[in-house]
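# A closer look at the structure
Spelled out, the chains give:
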Amino acid sequence: MMKKYKVGIIGATGMVGQRFATLLDGHPWFEVTTLAASARSAGKTYREAVGKRWCMDTPIPESMADLVIMSASDDIEKIAAAVDFVFCAVDMKKDEIRALEEAYAKAECPVISNNSAHRFTPDVPMIIPELNTDHAQIIPAQRKRLGTKRGFIAVKSNCSLQSYVPALYPLHEKFGVKDVLVCTYQAISGAGKTFETWPEMLDNVIPYIGGEEEKSEKEPLKIWGRIEGDQIVPATSPNFTAQCIRVPVSNGHMGAVFVRFEKKPTIEEIKEIWKNFKGYPQQENLPHAPVHFLNYFEEDNLPQTKLQRDLEGGMAVSIGRLREDTQYDYKFVCLSHNTLRGAAGGAVLLAEQLCAQGYLD
Ligand SMILES: NC(=O)c1ccc[n+]([C@@H]2O[C@H](COP(=O)([O-])OP(=O)(O)OC[C@H]3O[C@@H](n4cnc5c(N)ncnc54)[C@H](OP(=O)(O)O)[C@@H]3O)[C@@H](O)[C@H]2O)c1
């Protein structure tokens, strides 16, 4: 039996923080011993601080409910000394998050982050564990820059792209994905909201999510990037264009994708690749790895957000409606759970990868 790693959640009271708490309750490798949030919550127990904001389907984990919340920015040294690493999901200004995460790393506390602040720092790996596992190899270069032995920052990518990038990734390797047009239909939990806190979303669609289209177009290129020296150099293709739309669903981001290849595969070849695709988490049988990452549905009316978002604990991607297009080669739809695979679950899987590879020792 391996030792259990002591873990902190920075931003524990938020929507993603609550997901972390729920996912990590009873985790075989990780034990949550420390919770932190803003100074407003510090000093209260988790139960008091989160109060009516608790919005998970299961109750607040008993093992954490009575932990006293620390201040994310005032107690850095104390937190860093008490845990082996932290998960971070906070709602602060970008430059404040960048500084906060770097302060934890410099205090020799690895940070696995949900925030976007460091996604384009050239030596910070942005990893989807089934795809660009190898980007973790940049960590020694980052440690050198930070002057740390253990501390580093690793991030996960934006929730919008966690369905279409996994679907396209293994196709690109074989057939060269040239152009991608994607429209995303995104859940309100992606904004940290519920229908109670955002009643305007009932019976409504909002055609704008600040910064989302840029992330959806740019982040895939870093995932397809290569390590050169002490940085990750983003790829220059495929070309992405995206429209991101907020729709009245609680959880689950869907993408409608149009794709053009260098070398056009057949529909059977594409389905075969999706069916057989396995990455590091499946090979190593990581605790949060879905058994099948990419799942194709033959029914014309699937995947549906409500029916498939929880597939394999919300960690799998559901795909459907693959067919020829009149302007591109093919079109299809795909779906992933935005606060599980797209946020806390993706970060937990990333921590499991980094743990299995020895980066958290
Ligand atoms: N929701 C998603 O699906 C999703 C997906 C991917 C990435 N993200 C990213 O994850 C982050 C958190 O999102 P969320 O939806 O969980 O937000 P949220 O529900 O608004 O939670 C924000 C958290 O940040 C804490 N916080 C706010 N100001 C702080 C400060 N000055 N110092 C320390 N902590 C502070 C809050 O603590 P208090 O309770 O004390 O105020 C709370 O714990 C954001 O960067 C977001 O972009 C979200």
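Residues numbered from 1 in each chain as written. Predicted model: local features only at pLDDT ≥ 70, side-chain atom pairs only at ≥ 80, totals over all residues.

## Things to note about the packing of helix H7 (residues 164-175) against helix H9 (residues 267-276)
Heads up, the condition is: Every axis corresponds to a line fitted to the C-alpha atoms, with the helix fit spanning only the stretch in contact, and the corresponding angles, defined between N-to-C directions, vary from 0 to 180 degrees. Per the convention used, a helix needs a DSSP run of H or I reaching at least four residues, while a strand needs a run of E reaching at least two, with both numbered from the N terminus. Working rule for angles: under 35 degrees goes down as roughly parallel, over 145 as roughly antiparallel, 65 to 115 as roughly perpendicular, anything else as oblique. Helix crossings fall into two classes, left-handed where the near helix is turned counterclockwise from the far one by less than a right angle and right-handed where it is turned clockwise. C-beta atoms are placed from the backbone for every residue, and two residues are taken to be in contact when these atoms lie within 7 Å. Lys, Arg, Asp and Glu make up the charged group, whereas Ala, Val, Leu, Ile, Met, Phe, Trp, Tyr, Cys and Pro make up the nonpolar group; the residues left over, Gly among them, are polar.
For the pair H7 and H9, interaxial distance at closest approach is 10 Å and the crossing angle is 120°. When the interaxial angle is binned, H7 and H9 end up oblique. Here the hand of the crossing between H7 and H9 comes out right-handed. For the pair H7 and H9, the contacting residues are Ala 167, Pro 170, Leu 171 and Lys 174 in the first and Ile 270, Ile 273 and Trp 274 in the second. When grouped by side-chain class, the residues that make up the contact of H7 with H9 number six nonpolar, no polar and one charged.

## A closer look at the site of the ligand
The following threshold applies: Only the C-beta atom, placed from the backbone, is used; a residue is near a molecule or strand if that atom lies within 6 Å of it. An automatic or database domain assignment supplies the residue ranges for each domain.
Taken together, 28 residues lie near the ligand, and Gly 14, Ala 37, Ser 38, Ser 41 and Gly 192 sit nearest. For the shell around the ligand, the element with the most residues is helix H1 (residues 15-24), which contributes three residues. A class-by-class count of the residues in the shell around the ligand yields 10 nonpolar, 16 polar and two charged. Both of domain 1 (5-158 + 344-356) and domain 2 (161-337) provide at least three residues apiece to the shell around the ligand.

## Let's talk about the domain arrangement of the chain
How large an interface is tends to be reported as the accessible area lost when its parts come together. Under the domain assignment, the chain is made up of domain 1 (5-158 + 344-356) and domain 2 (161-337). One C-alpha centre belongs to domain 1, the other to domain 2, and the line joining them spans 24 Å. Examining the composition of the side of domain 1 that touches domain 2, we find that seven residues originate from one element, helix H13 (residues 340-356), more than from any other. Taken together, the residues that form the side of domain 1 that touches domain 2 break down as 16 nonpolar, 12 polar and five charged.

## Observations concerning the sheet that holds strand E4 (residues 85-88)
The test is simple: Between any two strands, at least two bridges found by DSSP are needed for them to pair.
If you trace the six strands from one edge of the open sheet to the other, you get E3-E2-E1-E4-E5-E6, paired in parallel fashion. Single-partner strands in this sheet number two, and they are strand E3 (70-71) and strand E6 (153-155). Where H1 meets the sheet, its contacts fall on strand E1 (5-10), strand E2 (30-37) and E4, and the angle it forms with E1 comes to roughly 160°.

## Considering the sheet that holds strand E12 (residues 294-297)
Spatially, the six strands line up as an open sheet ordered E10-E7-E11-E14-E13-E12, and their pairing is mixed. One side of each edge strand has no neighbouring strand; the edge strands of this open sheet are strand E10 (239-246) and E12. Going from strand to strand, the sheet's axes swing by 25° on average, the running direction of each strand aside.

## What to know about the packing of H1 against H13
When two helices pack together, their arrangement is captured by the angle between the axes and the distance separating the axes. Across the interface, H1 lies against H13 with an axial gap of 9 Å and an inter-helix angle of 50°. The angle between the axes of H1 and H13 places the two elements in the oblique class. Judged by the twist between their axes, the crossing of H1 over H13 is right-handed. Counted together, Val 16, Arg 19, Phe 20, Leu 23 and Leu 24 of H1 and Leu 340, Ala 343, Ala 344, Gly 345 and Val 348 of H13 form the full contact between these two elements. Looking at the contact of H1 with H13 residue by residue, the class counts come to eight nonpolar, one polar and one charged.

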